[in-house]
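Okay, here's what each chain looks like letter by letter:
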Amino acid sequence: MFDFSTAIDRHGTWCTQWDYVADRFGVADLLPFTISDMDFATAPCIIDAIQQRLAHGVLGYSRWKNEDFLGAVCHWYATRFATGIDPETLVYGPSVIYMASELIRQWSAPGDAVVIHTPAYDAFYKTIEGNQRRVLGVPLEKTAIGWQCDFTALEAVLALTETKILLLCSPHNPTGKVWTREELEAMSRLCERHGVRVISDEIHMDMVWGEAKHIPWCQVGRGEWALFTSGSKSFNIPALTGAYGIISDTQSRERYLSTLKGRDGLSSPAVLSLCAHIAAYREGAPWLDALRTYLQGNMTTIASQLNQAFPQLRWQPPEASYLAWIDLRSLNLDDHALQDVLIHQQKVAIMPGYTYGPEGSGFVRMNAGCPREKLDRGLERLIAGINTLL
């Protein structure tokens, strides 16, 4: 029913991944597997909804707090996660990172510490440090059964006087770890014990594979917490902007909304984003499920080709996301030498693991949200680049 195999030329569309690859990699015209958007057109139901809204012709100020949008969000959580949502607890914002950044400012002071699991999404470092807070990293450990958190180490940093917030990535980027209910409940108890608020970024919640199951923080949260997410990753609509979430505490929620409207002047949302989310959450499930099947096939392709070329890797697909977190440490490669070969010889852009902190050294992150033909070309170049160094 849906075509994910036909390539769409994104050049000349002001596309970060294709048109501006030189901003990060220093060279233009690379084959990119970088920023986490996909090379697929979004769901037809979303295109139809946007076209219908445009046909109306008037694009004036709008409101996000309407029954259609709130009802669509509640419907999505009820049908996908068996979770009831009180619409009065919902909030809106231009992006998940904006929303997290604002609560970091509200819930802490300059010099305070924010805990994250590392390696971590690079925007986490930027928003914490950009707000003059300190990053306290708790490294995830790769084991035979997947990525694990050392809860003793986690409690040690949560217990520090300067620690005010746990900024959780669930599912985790870049490792693709899906937190179990037991792990989330343990984190919730520790944060409540030490008076630490939680901000849970759940933007990859719809991209969970196999037997893993995403548990929204609202099912386990204690004390004060916030859950922020968006349909932007799942339905490939980040250029429309728009995110939403839940803030558990009434006073914090009202303060956030007052700041959004007053200080930042963002009370009127991007109306096309509202239309897109409503259509996605009411009609987009069949498209998303077909996409999920295709992306899982992409991950299987990566595992097959990498492990055939380098059996010692024994790489397994992640539990979540279309971002392949590839452990190359057993090959004893120099990270910077590999990037030099990939960029200048193979003409391919794949994110170096050190982008996500020191714990990412020896890894690369490859965006597999693309037609299989492009993925095959990227894997061929990655394997050739590694062989050059070996």
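One structure accompanies this document, and this report is about it. Since the structure is predicted, the reported quantities are computational estimates derived from the model, not experimental observations. Sequence positions are assigned chain by chain, starting from 1 and proceeding in written order. pLDDT decides what is reported in this predicted model: residues at 70 or higher carry local features, side-chain atom pairs at 80 or more are listed and counted, and totals for whole chains, interfaces and linings draw on all residues regardless. With hydrogens and water set aside, each side-chain value is computed from the structure's full complement of heavy atoms.

## Structural notes on empty space enclosed by the protein
Here is step 1: In the cavity and pocket records, a cavity denotes points on a 1 Å grid over the protein atoms alone where a 1.4 Å probe fits but cannot get out, a pocket denotes an open set with protein on both sides within 12 Å along at least 5 of 7 lines, and lining residues are residues with an atom within 4 Å of a point. Grid points are joined across faces, edges and corners, and a volume is the space filled by probe spheres set on the points. A full pass over the atoms with the stated rule returns 1 cavity of 30 Å³ or more.
Here is step 2: Reported here for the largest cavity is a volume of approximately 30 Å³.
Here is step 3: Around the largest cavity, the lining residues are Asp335, Leu338, Gln339, Pro352, Gly353, Tyr354, Phe363 and Val364.
Here is step 4: To qualify as a helix, a DSSP run of H or I must reach at least 4 residues; to qualify as a strand, a run of E must reach at least 2; elements of each kind are numbered from the N terminus. In terms of residue count, helix α12 (residues 335-344) provides more of the lining of the largest cavity than any other element does, 3 residues in total.
Here is step 5: Of the residues assigned to the lining of the largest cavity, the class counts are 5 nonpolar, 2 polar and 1 charged. When residues are grouped by polarity, Ala, Val, Leu, Ile, Met, Phe, Trp, Tyr, Cys and Pro land in nonpolar, Asp, Glu, Lys and Arg in charged, and all others, Gly among them, in polar.

## Here's the deal with the side chain of threonine 89
Here is step 1: Looking at the element boundaries, threonine 89 is found in the loop between α4 (67-81) and β2 (90-93).
Here is step 2: The contact rule is simple, with two residues in contact once any of their heavy atoms fall within 4.5 Å. Excluding residues that lie within four positions of it along the chain, threonine 89 makes contacts with Gly245, Ile246, Ile247 and Arg253.

## Let's talk about the sheet that holds strand β3 (residues 113-118)
Here is step 1: As summarised here, the arrangement of the 8 strands in space is β2-β9-β8-β7-β6-β3-β4-β5, forming an open sheet in which the pairing is mixed. Each edge of the open sheet carries a strand with a single partner, namely β2 and β5 (146-149). Strand-to-strand, the axes of this sheet are offset by a mean angle of 25 degrees, without reference to chain direction.
Here is step 2: Helix α5 (residues 96-107) rests against β2, β3, β6 (163-169), β7 (197-201), β8 (225-229) and β9 (243-247) of the sheet, and its axis sits at about 165 degrees to β8. Here a strand pair is declared whenever DSSP counts at least two bridges between the two strands. To obtain each axis, a line is fitted to C-alpha atoms, and for helices this fit is confined to the stretch in contact; angles are then taken between N-to-C directions over 0 to 180 degrees.

## Quick word on the pattern of salt bridges
Here is step 1: By definition, a salt bridge exists where a carboxyl oxygen of Asp or Glu is found within 4 Å of a side-chain nitrogen of Lys or Arg. In total, this model carries 18 salt bridges according to the counting rule given.
Here is step 2: The shortest N-O distance in the salt bridge between lysine 65 and glutamate 88 comes to 3.8 Å. Of this pair, lysine 65 sits in the loop between α3 (44-56) and α4 while glutamate 88 sits in the loop between α4 and β2, and the two are 23 residues apart along the sequence.
Here is step 3: For every residue, the accessible area obtained with a 1.4 Å probe (protein chains only) is divided by the maximum for its type, and the residue is called buried under 20%, exposed over 50%, and partly exposed between those limits. Assessed through its relative accessible area of 45%, lysine 65 is described here as partly exposed.

## As for the layout of surface pockets
By rolling a water-sized probe across the atoms, one finds the places where empty space is left.
Here is step 1: Roughly 620 Å³ of internal volume is contained in the second largest pocket.
Here is step 2: Lining the second largest pocket are 28 residues, with Lys142, Thr143, Gly146, Trp147 and Gln316 sitting closest to its centre.
Here is step 3: Elements with a contribution of two residues or more to the lining of the second largest pocket: β4 (134-143), β5 and β10 (323-327).
Here is step 4: Broken down by element, the lining of the second largest pocket gets its largest block of residues, 3 residues, from β5.
Here is step 5: For the lining of the second largest pocket, a count of residues per class yields 12 nonpolar, 8 polar and 8 charged.

## Quick word on the pairing of β7
Two faces belong to every sheet, and in a regular strand the side chains alternate between them.
Here is step 1: The element β7 is largely enclosed, with a buried count of 4 among its 5 residues.
Here is step 2: As paired elements, β6 and β7 share 5 bridges and run parallel to each other. In the strand pairing of β7, isoleucine 165 is matched with arginine 197.
Here is step 3: By convention, a crossover is right-handed whenever its connection, traced from the first strand over the helix to the second and viewed with the strands pointing away, goes clockwise. Regarding the hand of the β-α-β motif, the stretch spanning β6, helix α8 (residues 181-193) and β7 is right-handed.
Here is step 4: Sheet topology places β7 next to β8; 4 bridges connect them, and they run parallel. In the strand pairing of β8, serine 200 is matched with leucine 227.

## What about unusual backbone geometry?
Here is step 1: Note the cis peptide between serine 170 and proline 171, where omega equals -5 degrees.
Here is step 2: Summarising the element assignment, proline 171 is placed in the loop between β6 and α8.
Here is step 3: Of note, the bond from asparagine 173 into proline 174 is cis; its omega dihedral lies within 30 degrees of zero at 20 degrees.
Here is step 4: Here proline 174 is to be found in the loop between β6 and α8.
Here is step 5: A positive phi angle, close to 50 degrees, is found at alanine 82, a residue other than glycine.
Here is step 6: Within the secondary structure, alanine 82 is located in the loop between α4 and β2.
Here is step 7: Judged by relative accessible area, which is 68%, alanine 82 ranks as exposed.
Here is step 8: Of note, the phi angle at arginine 314 is positive, near 45 degrees, even though the residue is not glycine.
Here is step 9: Its place among the elements puts arginine 314 in the loop between α11 (285-309) and β10.
Here is step 10: Taking the relative accessible area as the measure of exposure, arginine 314 reaches 63% and is therefore exposed.

## Observations regarding the packing of α5 against helix α9 (residues 250-261)
In a packed pair of helices, the relevant descriptors are the angle between the two axes and the axis-to-axis distance.
Here is step 1: Packing of α5 against α9 leaves a shortest axis separation of 11 Å and a crossing angle of 115 degrees. Seen along the crossing, α5 lies across α9 with a hand that is right-handed. Along its contact with α5, which presents Tyr98, Met99, Glu102, Gln106 and Trp107, the element α9 presents Ser252, Arg255, Tyr256, Thr259 and Leu260.
Here is step 2: Taken together, the residues of the contact of α5 with α9 break down into 5 nonpolar, 3 polar and 2 charged. Working rule for handedness: look at the near helix, and if it is turned counterclockwise from the far one by less than a right angle, call the crossing left-handed; if clockwise, right-handed.

## Focus: the side chain of asparagine 131
Here is step 1: Relative to the assigned elements, asparagine 131 resides in the loop between α6 (122-130) and β4.
Here is step 2: According to the relative accessible area criterion, asparagine 131 is buried, its value standing at 7%.
Here is step 3: Between N or O atoms, a polar contact is any pair within 3.5 Å; within protein, one atom must be a potential hydrogen donor and the other a potential acceptor, and residues adjacent in sequence are included only when both atoms are from side chains. A polar contact is formed between the side chain of asparagine 131 and the side chain of arginine 105, at a distance of 3.1 Å.
Here is step 4: Here the side chain of asparagine 131 touches threonine 127 through a polar contact of 2.8 Å, landing on its backbone oxygen.
Here is step 5: Those residues in contact with asparagine 131 that sit more than four places away from it in its chain are Ser101, Ile104 and Arg105.

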